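# Secondary and tertiary structure notes
Single-letter residue listing:
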Amino acid sequence: MAGKDVKMQTMTGMNEERILASDVFESEGRNLPPANGTGTVREEARDIDVYHQCDVVVVGGGPAGCAAAWAAAKAGADVTLIERYNCLGGLSTGGLVMWIDRMTGWDGQLVIQGFAREFIERMPAEGVAGPPQEDWGSREEAKAKYWRNRTTAMHGVVQWAPTLDPERMKLNNQEMLLAAGVRIVFHAWAARPLVEDNTAKGVIFESKAGRQALLAKVVVDTTGDGDIFARSGADYHTDIEGKDPHHSMNTSWVLGGVNMDRWIDWKDNHPEQLAEMMKQGREALGFFQTPYVSWRPDIALFLGPRQSGLSALDVDDMTEVEIRSHRLMQGHCEFFRKHAPGFEQAYMLQSAQQLGVRHTRRLAGVGKIVRGDWEKDAPEADEVGLSPSINPKYPLVSVPYGALLPQQLDGVLAAGRHISCDANSHGFMREIPQCWLTGHAAGVGAALAANGGVQPRHVNVDEIRKVLRAQGAYLTDDAAVDSVRRQAVTA
């Protein structure tokens, strides 16, 4: 792909430690002509066999879906999880996004707990790479420099942001859900929701067995794109920050046979040579990115190059990204073998089976996480989780239950990257730890709704918080939340 066909966007305000040496590109060239379809066809009406009935159906087995299914089953619900691929974990496994971003606050306190903590503690030691607990929150320059190069220090502070073995994550998700009593359905695509009187009653899915129905008291949409709530008629937002990489797409890949310690040492000590190499890479390949570390020093992770101007709701755009990405994997492998210390023996090990999507839809919810609240050092009245903030100058971000609830549609909870938030807040609320957090809360809310015979919006938030705490979640203390509620009443 010629460099002249590609425009590189500047990333104003983005932290270089966060994006490393990656670029966002918008291409003007396409590899396939437009489709030539016109008109319509009528699909024949038919009766659909009911595959299964349960209390809670979770649609999508990514981080949020796994957390939701586990939490709902632990809370006593009969749970079915439906997943279109052959494994659980979503982008963290099938998408090779094995870097789990920040789970600690700027003081080193582990904030993302519950399902997330149990998940990582169950991982084998050889499948986890990251700083020891005693270094979490450290501002020592040497430690911060070392871990910054390993994607787990930001703004000069060491964070718990581990990199995990994706294959072990697949197995870990699977075994945790099976042990909790979740029914897993692989190789099944939820095609449309079942809605009666503005209330979701389940989903229709397609598989090799044909078209079947799965009935449930509560549906948890963890598709990442809001497929279920959008097709049910719920409102949503699609606005994005144009120069922010969180709206771009790519297919990730890994190269084997490398020496990442040698590469890191070279790029740290030869910044001018690194800049020249990156310039040559852009000229040769158009799109270009330097690697991230993985859970092993002999495997390099490429989470890009990030491509903008394309929609993950458009099948032709998604195909375009895949075509480019697989070509770029080969191009990067060959270029790095020739020019990058530590990559002399590199080879193409694996490309992701799942497209790396960062943004499509966001729920228009009862509540919302917004940029204006980042500085508010007080919990939400309906808090169901706490997230690390994006910068040390901000306190922890209180996540409201209302951000998981559609404004009008009943029978549905949403969790994961499509929760109700503004475009700025989406930049960190879409990350894997935050998906675990919101999935955990949605699972508990769904179970209590199903068990109590009420709609999710009518579940007592204090009961949700009680169950979340029992399942190991980290929350603001109840007295502080009660204080916020009293202030709201007297305001």
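Presented here is an overview of the structure given in this document. (Residues numbered from 1 in each chain as written. Predicted model: local features only at pLDDT ≥ 70, side-chain atom pairs only at ≥ 80, totals over all residues. Heavy atoms only, no water.)

## A look at the overall build of the chain
Counting its secondary structure elements, the chain contains 13 helices and 24 strands. On C-alpha atoms alone, the chain measures out to a radius of gyration of 22 Å, which is about the 23 Å that the 2.2 N^0.38 rule sets for 491 residues. Counting across all 491 residues of the chain, residues that qualify as buried make up 58%. Approximately 20500 Å² of the chain is accessible, and the part contributed by carbon and sulfur atoms is 46%. Distance between charge centres in the chain, computed from 51 positive and 63 negative side chains, equals 1 Å. (Helix = DSSP H or I, 4+ residues; strand = E, 2+ residues; numbered from the N terminus. Rg over C-alpha atoms; globule rule 2.2 N^0.38 Å. Buried < 20%, exposed > 50% of the residue type's maximum accessible area, 1.4 Å probe, protein only. Areas by Shrake-Rupley, 256 points an atom, 1.4 Å probe, with all protein chains shown as cover. Lys, Arg positive; Asp, Glu negative; His and termini not counted. Charge placed at Lys NZ, Arg CZ, Asp CG, Glu CD.)

## Here's the deal with unusual backbone geometry
Phi at D101 is positive, roughly 45 degrees, even though this residue is not glycine. Note that D101 resides in the loop between β4 (79-82) and α3 (115-121). We classify D101 as buried; its relative accessible area is 6%. In this model, D197 sits at a positive phi of 50 degrees, which is unusual for a non-glycine residue. Relative to the helices and strands, D197 resides in the loop between β10 (189-196) and β11 (199-207).

## Describing the pairing of strand β17 (residues 299-302)
Going residue by residue along β17, you find I299 and L301 tucked away on one face and A300 and F302 tucked away on the opposite face as well. The pairing of strand β15 (residues 253-256) with β17 spans four bridges and is antiparallel. Looking at the pairing, W253 lines up with F302 of β17. One ladder, built from two bridges, connects strand β16 (residues 292-293) with β17; its direction is antiparallel. Residue pairing across strands places Y292 opposite L301, the latter belonging to β17. In textbook terms, the turn of a hairpin is the stretch between consecutive antiparallel strands, and for β16 and β17 this stretch comprises five residues. (Pairing = 2+ DSSP bridges.)

## As for empty space enclosed by the protein
Using the criterion set out here, one finds three cavities of 30 Å³ or more in the structure. In this structure, the largest cavity occupies an estimated 110 Å³ of space. Lining the largest cavity are 16 residues; nearest its centre among them are Q113, L437, H440, A473 and Y474. Of all the secondary-structure elements, those providing two or more residues to the lining of the largest cavity are α3, β22 (383-387) and α11 (432-452). Among the residues making up the lining of the largest cavity, the classes are represented as twelve nonpolar, four polar and no charged. (1 Å grid on protein atoms, 1.4 Å probe; cavity = no way out; pocket = protein on both sides within 12 Å on 5 of 7 lines; lining within 4 Å. Points joined across faces, edges and corners; volume = space filled by probe spheres on them. Nonpolar A, V, L, I, M, F, W, Y, C, P; charged D, E, K, R; others polar.)

## Here's the deal with the packing of helix α8 (residues 271-285) against helix α9 (residues 315-339)
Angle between the axes and distance between the axes: these two values describe a pair of packed helices. Between α8 and α9, whose axes approach to 11 Å, the crossing angle comes to 140 degrees. Taken together, the axes of α8 and α9 lie oblique to each other. The two elements α8 and α9 cross, and the hand of that crossing is right-handed. In this structure, α8 contributes M277, Q280, G281, A284 and L285 to the contact, and α9 contributes L328, G331, H332, F335, F336 and H339. Classifying every residue of the contact of α8 with α9 by side-chain character gives six nonpolar, five polar and no charged. (Axes fitted to C-alpha atoms, helices over the stretch in contact; angles between N-to-C directions. Parallel < 35°, antiparallel > 145°, perpendicular 65-115°, else oblique. Left-handed = near helix turned anticlockwise from the far one by under 90°. Contact = heavy atoms within 4.5 Å.)

## Things to note about the packing of aromatic side chains
A complete count under the given rule lists 19 aromatic pairs for this structure. Among the aromatic residues, those joined into a cluster by ring pairs are W253, W263, W266, F288, F302, F335, F336 and F343. Just above the ring of Y146 sits the side chain of R150; from NZ or CZ to the centre is 3.7 Å. Above the face of the Y236 ring, R361 is positioned so that its terminal group lies 5.4 Å from the ring centre. (Phe/Tyr/Trp six-rings, centres within 6.5 Å; stacked < 30°, edge-to-face > 60°. Lys NZ or Arg CZ within 6 Å of the ring centre and 35° of its normal.)

## Some thoughts on the environment of L164
Its location among the elements puts L164 in strand β8 (residues 163-164). L164 sits 41 residues away from M123 along the chain, and the two C-alpha atoms are 8.3 Å apart. Apart from residues lying up to four places away in sequence, L164 is in contact with M98, I100, F119, I120, M123, G127, V128, M169 and W295.

## Concerning the environment of A378
Within the secondary structure, A378 is located in the loop between β21 (362-363) and β22. For the pair A378 and S483, spaced 105 residues apart in sequence, the C-alpha to C-alpha distance is 9.6 Å. In this view, A378 contacts S398 and V484; residues no more than four positions away in its chain are not counted.

## Points about the pattern of salt bridges
Oppositely charged side chains are able to pair whenever their charged atoms sit close together. Evaluation of the coordinates by the stated rule reveals 27 salt bridges. Here R465 ties to E383 by a salt bridge, and the two come within 3.3 Å at their closest N and O atoms. In this pair, R465 is assigned in helix α12 (residues 461-470) and E383 in strand β22, connecting sequence segments 82 residues apart. Side by side, R465 and E383 carry an identical accessibility label, which is buried. Residues joined in a network through salt bridges with shared partners are R30, D317, E320 and R324. (Salt bridge = Lys/Arg side-chain N within 4 Å of Asp/Glu carboxyl O.)

## Section: the packing of helix α2 (residues 63-74) against α11
At a minimum axis separation of 7 Å, α2 and α11 run at an interaxial angle of 35 degrees. For the element pair α2 and α11, the recorded crossing hand is right-handed. Contacts from P63, A64, A67, A68, W70, A71 and A72 of α2 reach α11 at I432, C435, W436, G439, H440, G443, V444 and A447. Grouping the constituent residues of the contact of α2 with α11 by class yields twelve nonpolar, three polar and no charged.

## Observations regarding α12
Within the span of α12, buried status applies to V461, I464, R465, V467 and L468. Here the buried residues of α12 occupy an arc of 165 degrees about the axis, which is enough to place them on one side. For α12, the exposed residues lying more than 90 degrees away from the buried face are K466 and A470. On the buried face of α12, the contacting elements are β22, α11 and α13 (478-490). The distance from a side-chain oxygen at the start of α12 to the backbone nitrogen of D462 is 2.7 Å, and the residue carrying that oxygen is N460. Note on α12: the residue one or two positions beyond its end, G472, has a positive phi of about 90 degrees. (Arc of directions from axis to C-beta. Polar contact = N/O pair within 3.5 Å; in protein donor to acceptor, adjacent residues only side chain to side chain.)

Honestly, that's just the spatial picture; any functional story needs more than this.
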